[in-house]
Amino acid sequence: MPIWLEPFGANYPDLLQKFAIYGIFAIGFNILFGLTGYLSFGHAAFLGIGSYAAVWSFKLLTMNAIPAMFFAVIFAGGLAFIIGFLSLRRSGIYFSILTLAFAQMSYKLAYSVLTPLTNGETGLQLRQTDPRIIDSLFVEAGAGLPSTNLFGLKMSGYPGFYFCAVILIIGFFISMRVFRSPFGLMLKGIKSNQNRMNYTGLNTRPYMLTAFVISGMYAGLAGGLLAITDPLAGAERMQWTASGEVVLMTVLGGVGTLIGPVLGAGLIKYFENIFSAFNAHVLTEMFSFLPDAVVEVLVPIFGLFVGGGWHLTLGLLFVVVIIFLPGGLMEGFNKLFGLLRKSGAQIRGKRTPQDQPGDGG
Amino acid sequence: MSNLVLHLDDVQKNFGGLRALSDVNLAVEEGTTHAIIGPNGAGKSTLLNVCVGRLKPDAGSVTFDGQELTGMLPHEIAQIGVARVFQTPEIFPDMTLLENVMLPAFSRRDGAFKFNALSKLSSQSEIRGEAEHILEDVGLKEQMMLEAGSLSRGDKRRLELGMCLILKPRLLLLDEPTAGMSRHDTNSTIDLLKKIKSRGMTKVIIEHDMHVVFSLADKVSVLARGQIIASGLPEDVREDPKVKEAYLGGTA
C-alpha cells in the first residue's frame, strides 16, 4: 500500500475518528469565527472540559456514550457562557487575548488546584473501583475495565468512527441551518458592521454570546467524543496549541464556508498522521533509487520536515495557502471550478461560429 | 398646536475645552421635515449624535415623544423609532443588497434580540417581499443580489436610506443625504424623500445644498457656533439678517 493511503488502511479507524471529531470542533469554531469574525484563541478549554465531563460520566454514572455526550456539551456550554460573557466586553485582538488568557488559566487550574477533579499530570482515567451507579444496577462489574459503549455497542475502532461520523453529519446539518437562518444573518451583520447593527435597533451582545456558547458546545461535544473513543482526559487538551490548531483548520479550509472547516480539519489530521509516521529509515527507502551520496544529503534535510518536525511542514503548507489562497482551500476549489467553467464556455464559444453553415464563405 | 416629536432642551456638549453645542433648544413637530443648516463645524453632526445616543450631552435633555433619550443605548433608541442615515453610509458591505434590507426588517419584527436559528431565511417570504418593495422604492431592485460594497457612493446612500425606511421609524435623521451625489441623483433622492413625507414620517435633515433644503423643508433652523441663531419658515430664515451674516454671507 502506498504511504499516502496508509492512514485509511484496514486497521486504522483511530485516524478516521479524529477526522470526524476535529471536523465537529472546527464546524463549531466556524460558527463563531466565520460568522461573527470574533477570533477566539481559547476553544481548547471547551474541548478539555468536554473530555473531563465525559470521563466523569463514565466514572460516576455509566459507560454509555449518550450521557457522556450530554454532560460534555452542558459543561462546555456553561464554561463558554462565563468566558464569553467576560471576553465579549472587548472586540478584535483584545477579545482574542482574553479568550487565550481564560483558556490558559483553565489549563493551569486543571494541572494544579483542580487535581482532585482532573487527576493533574497523569490525566483522568477509569478505574475498577469507580462507582458507575447506573451500570451497577444492571450488570455485575467484570474483571477488567469496562469499555465505553452505545447500548452495548463498543465505541472503539470502526463502530466508534461510525458513531462520530453520524454526530459530524448532524453537527454539520445544524451549522448549515444556523448559517441560513435569520440568526445567522444577524451574526454576519455583526461581522460586517456593528455600528449599523446598533443603529438598526439590534443588541449585538446577546447575539455574540449565543454564537460563542454554541461554538463552545460544539467544542465540548468534540472533547466528549475524544473521551468516548478513548476514555481518558488530560490537561494538555486545554493547552493553547489545541486552540491554535482549530484556528489553523478553519482558516486552511476556508473561514465562513460551510464545508471548509471540515476539510481543513481532515487535511491537518491526515498530514499529521502521515508526516509524523515518516522517519529516517522510511526516507532512506524512498530515495533508494538515487545514488548513495545524494541520499545521504537528502535524508537529513527531509528529516527536518517529518516525524516530530512535521509541524514545520504544516507551517509551510499554511504559509503557502494563506499567501496564494487567503480564502482557504474552498477559495481554491471555487477558483478551479470557475476556470473549468470558463474554459468550457470558451470551447463552446469557439465551436459555435464554425458550426454555423456558410460562415467561412 | 401640533404634537412635538423631538424636543431638545438646553442641550450642551463639550469636547475638552471646545463647546460644540451650547444651550441648543429645538422642537420638531410631528409629520414635518425640519432642516438644520449651518457653516462647517457649527455642531450639526454632534447634534444628531446626541439624538441617537452615540454621544451623551453634558447638560440638558433630549426627549422623543415625551421619553427621555439621554442615557439610553443606541439600539434602544432605534427600537423606539428613531433611525439615522449617516454622512458616510453605514451599510453591510459584504452582504447582498437584499440581505442589507432584510436584516433591519427582522429587527423591526423581532426586537433587539431573538434567537431565530431554526427558521430558514429563504422561507421568510413576507420579510423578503417587504425588502424587495423598499429596494424598488429606492431604485436598487435590479442590483439586489449584488454585494453592497460594490455600489457607488450615491447608491450606498440610497441603500442606507432604504435600510432605515424598512424600520418604519417615526423619526428619521438624515446627515447630508445628498452629499457627493450628482444633480440627477440628488433630484431623485429629493423625490424619494418627498414621497416618504406623504407617509407622515417626521424627518430632521442636515444639509448643505440649499436646493435640497428649500425644496423639502417645512421649517429651517440655523446652527452657528453651537447655537441655534434662527428658526422658522424657510423664506423667513432666508431673509433673517443674522443668518445672512453668519452663514449665507453676501450670496443670499
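The rules behind each value
Residues numbered from 1 in each chain as written. Chains lettered and ligands numbered in written order. Predicted model: local features only at pLDDT ≥ 70, side-chain atom pairs only at ≥ 80, totals over all residues. Helix = DSSP H or I, 4+ residues; strand = E, 2+ residues; numbered from the N terminus. Rg over C-alpha atoms; globule rule 2.2 N^0.38 Å. Buried ≥ 20, exposed ≤ 12 C-beta atoms within 10 Å, placed from the backbone. Contact = placed C-beta atoms within 7 Å. Domains from an automatic or database assignment. Pairing = 2+ DSSP bridges. Core = buried A, V, L, I, M, F, W, Y, C linked by C-beta atoms within 7 Å. Expected span 1.5 Å × (residues − 1). Axes fitted to C-alpha atoms, helices over the stretch in contact; angles between N-to-C directions. Parallel < 35°, antiparallel > 145°, perpendicular 65-115°, else oblique. Left-handed = near helix turned anticlockwise from the far one by under 90°. Nonpolar A, V, L, I, M, F, W, Y, C, P; charged D, E, K, R; others polar. pLDDT = per-residue confidence, 0-100.

Undergrad: Which residues make up the overall build of chain B, and what values go with them?
TA: Helices and strands together make up the secondary structure of chain B, namely nine helices and 10 strands. In summary, chain B has a C-alpha radius of gyration of 19 Å against a globular reference of 18 Å for 252 residues, a match within 12%. Viewed in the frame of its principal axes, chain B has a C-alpha envelope of about 60 × 40 × 40 Å. A total of 252 residues make up chain B; the buried ones form 44% of that total. Of all intrachain contacts in chain B linking residues separated by at least 6 positions in sequence, the fraction that spans at least 24 positions is 67%.

Undergrad: So what's going on with the overall build of chain A? Which residues, and what values?
TA: Each helix and strand in chain A was counted, giving 16 helices and four strands. A principal-axis box enclosing the C-alpha atoms of chain A has dimensions of 95 × 70 × 40 Å. Among the 361 residues that make up chain A, the fraction classed as buried is 44%. Sequence-distant contacts in chain A: of pairs separated by 6 or more residues, those separated by 24 or more amount to 78%.

Undergrad: Could you give me a rundown of the interface of chain A and chain B, with the residues and numbers involved?
TA: The partner chain B presents 29 residues to the 23 residues of chain A that form the contact. Every element with two or more residues in the side of chain A that touches chain B is listed here: α7 (157-179), α8 (182-192), α9 (194-199) and α10 (204-229) of chain A. Among the elements that make up the side of chain A that touches chain B, the one with the highest residue count is α8(A) (seven residues).

Undergrad: How would you sum up unusual backbone geometry? Please name residues and give values.
TA: Residues and elements named next belong to chain B. Its identity as a non-glycine residue notwithstanding, D23 has a phi of 50 degrees, on the positive side. Turning to its location among the elements, D23 is positioned in strand β2 (residues 18-29). A count of 15 C-beta atoms within 10 Å places D23 in the partly exposed class. With phi around 45 degrees, E176 is a residue other than glycine that occupies positive phi space. Mapped onto the secondary structure, E176 falls in the loop between β7 (171-175) and α6 (183-197).

Undergrad: Any details on the domain arrangement of chain B? Residues and values, ideally.
TA: All names here are of chain B. Under the domain assignment used here, chain B contains domain 1 (1-81 + 169-252) and domain 2 (94-168). For domain 1 versus domain 2, the distance between C-alpha centres works out to 26 Å. Among the secondary structure elements, those contributing two or more residues to the side of domain 1 that touches domain 2 are α2 (74-79) and α6. Counting residues per element, the side of domain 1 that touches domain 2 draws most heavily on α6, which supplies five residues.

Undergrad: Explain the sheet that holds strand β4 (residues 59-64) of chain B to me, using residue names and the numbers behind them.
TA: Residue and element names in this part refer to chain B. Strand order across the open sheet formed by four strands is β2-β1-β4-β5, with antiparallel pairing between neighbours. On the outer flanks of this sheet lie β2 and β5 (67-68), each paired with one strand and no other. Taken together, the eight bridges between strand β1 (residues 4-15) and β2 define a ladder with antiparallel strand orientation. Within β2, the position partnered with L4 by the bridge is E29.

Undergrad: With reference to specific residues and values, describe the nonpolar core.
TA: Core analysis: the largest hydrophobic core is formed by 165 residues, its most contacted members being A:I24, A:F25, A:A72, A:A76, A:A222, B:C51 and B:V101. Looking at this core element by element, the count peaks at 15 residues for α10(A). For A:A72, the contacting residues outside a window of four places in its chain are A:G50, A:A53, A:A54, A:G220, A:L221, A:G223 and A:G224.

Undergrad: A description of helix α12 (residues 260-277) of chain A should follow, citing residues and the corresponding values.
TA: Residues lying three or four places apart along an α-helix face the same way, a consequence of the helix completing one turn every 3.6 residues. Over its 18 residues, α12(A) runs 26 Å from end to end, which matches the ideal 26 Å to within 8%, given 1.5 Å per residue. For α12(A), the complete set of buried residues consists of A:G260, A:P261, A:V262, A:L263, A:G264, A:A265, A:G266, A:I268 and A:K269.

Undergrad: Tell me what's going on with the pairing of strand β6 (residues 82-85) of chain B, and back it up with residues and numbers.
TA: Residue and element names in this part refer to chain B. Taking every second residue as pointing to the same face, both faces of β6 are buried, with V82 and R84 on one and A83 and V85 on the other. Bridge count for β6 against β7 is four bridges, and the pairing is parallel. Bridging from a neighbouring strand, V85 pairs with L174 of β7.

Undergrad: For the domain arrangement of chain A, give the residues involved together with the corresponding values.
TA: By domain assignment, chain A separates into domain 1 (12-240) and domain 2 (280-346). The C-alpha-based centres of domain 1 of chain A and domain 2 of chain A are spaced at 32 Å.

Undergrad: Pulling in residues and values, what's your account of the environment of A:F70?
TA: Inspection of the secondary structure assignment puts A:F70 in helix α3 (residues 65-87). In this structure, the C-alpha to C-alpha distance between A:F70 and A:G220, residues 150 residues apart in sequence, is 9.5 Å.

Undergrad: Account for the pairing of strand β10 (residues 227-232) of chain B, naming residues and giving values.
TA: All names here are of chain B. Two strands pair when backbone bridges link them, and strand β9 (residues 219-224) and β10 are joined in this way by five bridges, in the antiparallel orientation. Note that in β10 the partner of V222 across the bridge is A230. What sits between β9 and β10 in their antiparallel hairpin is a turn of two residues, with R225 showing a positive phi close to 50 degrees.

Undergrad: Give a detailed account of the packing of α12(A) against helix α15 (residues 310-324) of chain A, specifying residues and quantitative values.
TA: Residues and elements named next belong to chain A. The contact between α12 and α15 brings their axes to 9 Å, and the two run at 140 degrees. Classified by the angle between their axes, α12 and α15 sit oblique to one another. Crossing of α12 over α15 shows right-handed handedness. Packed against α12, whose contacting residues are I268, F271, E272, F275 and S276, the element α15 presents W310, T313 and L314 at the interface. Taken together, the residues of the contact of α12 with α15 sort by class into five nonpolar, two polar and one charged.

Undergrad: Describe the confidence of the model for chain B, naming the residues involved and giving the relevant values.
TA: Residues and elements named next belong to chain B. Counting all residues, the mean pLDDT for chain B is 88, and 97% of those residues have values of 70 or more. Of all helices and strands in chain B, the one with the weakest mean pLDDT is helix α9 (residues 241-248) (72), whereas helix α3 (residues 97-110) scores best (95). Reported confidences for the modelled complex are a pTM of 0.89 and an ipTM of 0.90.

Undergrad: Run through the sheet that holds β9(B), naming residues and quoting values.
TA: Residues and elements named next belong to chain B. Pairing within the open sheet is mixed, and its six strands lie in the order β6-β7-β8-β3-β9-β10. Either end of the sheet is taken by a strand with one partner, and the two such strands are β6 and β10. Each strand axis lies, on average, 20 degrees off the axis of its neighbour in the sheet, ignoring direction. Here β7 pairs with strand β8 (residues 202-206) via five bridges, running parallel. Note that in β8 the partner of L173 across the bridge is V204. Packing against the sheet, helix α1 (residues 44-51) makes contact with β3 (33-37), β6, β7, β8 and β9, and its axis sits at approximately 150 degrees to β7.

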